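# Descriptive analysis of the structure
Each chain, written out:
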Amino acid sequence: PLPRAIPAAAALAMPWRRALRGLRCSARARSAMPSWVIDRYGGGEALRFTRDMGFPAIRFPNEVIIRVHAASLNPIDLSMRSGYGATALNMKRDPLKLKTEETEFPLTLGRDVSGVIMECGLNMSYFKPGDEVVWAAIPPWKQGTLSEFVVASGNEVSFKPKSLSHIEAASLPYVGLTAWAAVNQVGGLNQNNCGGKRVLILGASGGVGTFAVQLVKAWGAHVTAVCSHDASTLMKKLGADEVIDYRSGNLEEQLKALPLFDFILDNVGGSTEKWALNLLKKWSGATYVTLVTPFLINMDKLGVADGMLRTGVTVGSKTVKHLFKGVHYRWAFFMPSGPNLDEIAELVDSGKIQPVIDEVFSFSEVPKAFTKLERGHARGKTVINVISKK
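Values in this document were obtained by computation on a predicted structure and should not be read as measured data.

### Concerning the overall build of the chain
- Summing up its helical and strand segments, the chain has 14 helices and 16 strands in all.
- Among the 390 residues that make up the chain, the fraction classed as buried is 52%.
- By element, 56% of the accessible surface of the chain is carried by carbon and sulfur atoms, the whole surface being about 17700 Å².

### Let's talk about the sheet that holds strand E14 (residues 328-331)
- With parallel pairing, six strands are arranged side by side in an open sheet as E11-E10-E9-E12-E13-E14. The open sheet has two edge strands, strand E11 (242-245) and E14, and neither has a second partner. Geometrically, the sheet is characterised by an average inter-axis angle of 15 degrees between neighbouring strands, direction not taken into account.
- In this sheet, E11 lies alongside strand E10 (residues 222-227) in parallel orientation, the contact comprising four bridges. Residue pairing across strands places Cys-227 opposite Asp-245, the latter belonging to E11.
- Against the sheet, helix H6 (residues 173-186) contacts strand E12 (263-266), strand E13 (287-290) and E14, and its axis sits at roughly 155 degrees relative to E12.
- Where helix H7 (residues 207-218) meets the sheet, it contacts strand E9 (198-202), E10 and E12, and its direction lies at approximately 175 degrees from that of E9.

### Regarding unusual backbone geometry
- Notably, Trp-283 is not glycine yet its phi reads approximately 55 degrees, a positive angle.
- Looking at the element boundaries, Trp-283 is found in the loop between helix H10 (272-276) and E13.

### Examining the nonpolar core
- By size, the foremost hydrophobic cluster in this structure holds 81 residues, and its most contacted members are Ile-66, Leu-146, Ile-201, Val-213, Val-216 and Met-235.
- A total of seven residues in this core trace back to one element, the largest contributor, which is H6.
- Residue contributions to this core reach at least three from each of two domains, namely domain 1 (32-172 + 355-385) and domain 2 (187-331).
- Non-local contacts of Ile-66, meaning those with residues more than four positions away in its chain, are made with Val-113, Gly-115, Val-116, Ile-117, Met-118, Val-134, Glu-148, Phe-149, Val-150, Ala-152 and Val-157.
- One finds Leu-251, Ile-264, Leu-280 and Ala-286 within the second-largest nonpolar core, a separate group that totals 19 residues.

### Some words on the pairing of E9
- Of all five residues in E9, five are buried, a share of seventy percent or more.
- Relative to E10, E9 is paired through five bridges, and the arrangement is parallel. When the sheet's bridge partners are listed, Leu-200 is paired in E10 with Thr-224.
- Assessed by its sense of winding, the connection that carries the chain from E9 through H7 to E10 is right-handed.
- Examined bridge by bridge, E9 and E12 share four bridges and lie parallel to one another. The residue of E12 that forms the bridge with Leu-202 is Asp-266.

### A look at the packing of aromatic side chains
- Counted according to the given criterion, the structure contains 10 aromatic pairs.
- Here Phe-49 and Phe-363 contribute two aromatic rings whose centre-to-centre distance is 6.2 Å and whose plane-to-plane angle is 80 degrees, an arrangement assigned as edge-to-face. Within this pair, whereas Phe-49 is found in strand E2 (residues 47-54), its partner Phe-363 is found in the loop between strand E15 (357-362) and helix H14 (366-375), the two being separated by 314 residues in sequence.
- On the basis of an interplanar angle of 50 degrees and a centroid distance of 4.9 Å, the ring pair of Phe-55 and Phe-149 is categorised as tilted. One end of the pair, Phe-55, is in the loop between E2 and strand E3 (63-73); the other, Phe-149, is in strand E7 (residues 149-153), and 94 residues separate them in sequence. Both residues of the pair, Phe-55 and Phe-149, belong to the buried class.
- Each member of the aromatic cluster is reached from another via a ring pair, and the members are Trp-36, Phe-49 and Phe-363.

### What to know about the pattern of salt bridges
- For the structure shown, the criterion picks out 14 salt bridges.
- The partner of Arg-379 in a salt bridge is Asp-230, and the shortest N-O contact between them spans 2.7 Å. In this pair, Arg-379 sits in the loop between H14 and strand E16 (381-385) while Asp-230 sits in the loop between E10 and helix H8 (232-238), placing the two residues 149 residues apart along the sequence.
- The salt bridge partner of Asp-262 is Lys-281, with a shortest N-O separation of 3.3 Å. Of this pair, Asp-262 sits in the loop between helix H9 (251-256) and E12 while Lys-281 sits in the loop between H10 and E13, placing them 19 residues apart in sequence.

### Remarks on the confidence of the model for the chain
- Averaged over all residues, the pLDDT of the chain equals 86, while 82% of them reach at least 70.
- Note that residues 5-29 has pLDDT below 50 and, in this model, 25 contacts with residues that lie over four places away or in other chains.
- Below a pLDDT of 50 lies the segment residues 93-98, which in the model reaches eight contacts outside its immediate sequence neighbourhood of four places, other chains included.

Rules used in this analysis
Residues numbered from 1 in each chain as written. Predicted model: local features only at pLDDT ≥ 70, side-chain atom pairs only at ≥ 80, totals over all residues. Heavy atoms only, no water. Helix = DSSP H or I, 4+ residues; strand = E, 2+ residues; numbered from the N terminus. Buried < 20%, exposed > 50% of the residue type's maximum accessible area, 1.4 Å probe, protein only. Areas by Shrake-Rupley, 256 points an atom, 1.4 Å probe, with all protein chains shown as cover. Pairing = 2+ DSSP bridges. Axes fitted to C-alpha atoms, helices over the stretch in contact; angles between N-to-C directions. Contact = heavy atoms within 4.5 Å. Core = buried A, V, L, I, M, F, W, Y, C linked by side-chain atoms within 4.5 Å. Domains from an automatic or database assignment. Right-handed = clockwise from strand over helix to strand, strands pointing away. Phe/Tyr/Trp six-rings, centres within 6.5 Å; stacked < 30°, edge-to-face > 60°. Salt bridge = Lys/Arg side-chain N within 4 Å of Asp/Glu carboxyl O. pLDDT = per-residue confidence, 0-100.

Written out as structure tokens, the structure is:
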């Protein structure tokens, strides 16, 4: 495949007319677009539809503008709407702090996108305008995907699986990359070492959980999924070898009755962390990875410097504490990555991973979609069909 970007020197060597066209590409676009935004932090009442959201501009040579065909919601959208990560993420949005804190508004939520490449920066050769089969997960410090258009770095974008529609594809990037970060990049599992390992997934019926079940199963693991009884059929369909209903009795005691695990992915947090690590095989390299961390909360409460210090001390002390007990303790986060989406696309097209969609809403129904997400207990993803089929 072609590299995702060409060297800056090569861009400078391009004919001046071509360079001028590239620099002017965003300027010739229209100035506004329809979007769902928030002007303040709050609940559902904070959502507002506008047709006057500023059209995104390419500011770096490796960026692309995507016309959004479909998007989806994730729990982080609810958190960001309420102000979670405001201090940390706004710092990344405006690292020099040249603007006031209010300048992040109006803020567009939504992290997932499947759509069409409309414009490309000067250094972009991997994609071209008109590519109709791209997907991406946009980092939380950027404007989101509940708009007609969105800007993304070329390294965040991938060609979507050929077997999926835009609606299906939009359900996967954020949860897929979050699960990939937890299982592979932090947890160290891959297709070569996962075979035969016993894996426990807590909170298996949500977006990240349904993806993680399929991922480790595709790599040959024995999978135990924890969910409510009404999701057990779905878990079996996705490949789980054992399904534990957390409502049918004391969950800790149910899991203690099973053989010990090599890897645990915790999507739940809270009290589970107090006993879950006791379910791991000691002194065997077994690892517990949690996605429920105080990272952004610490920075919101204490500021960026003190928050990062507090976070580092917390994870460091927990890591050392559990290392002396013979197990590995890790935190994981969403990491945007076009190359990792490439690998996920191969698994999808080979039939090893399928999208799990709970409900699809039209673009005019975004508030209803947020209400659905707020109720919890979803079986997969809530998807927004931004461009309806004619």
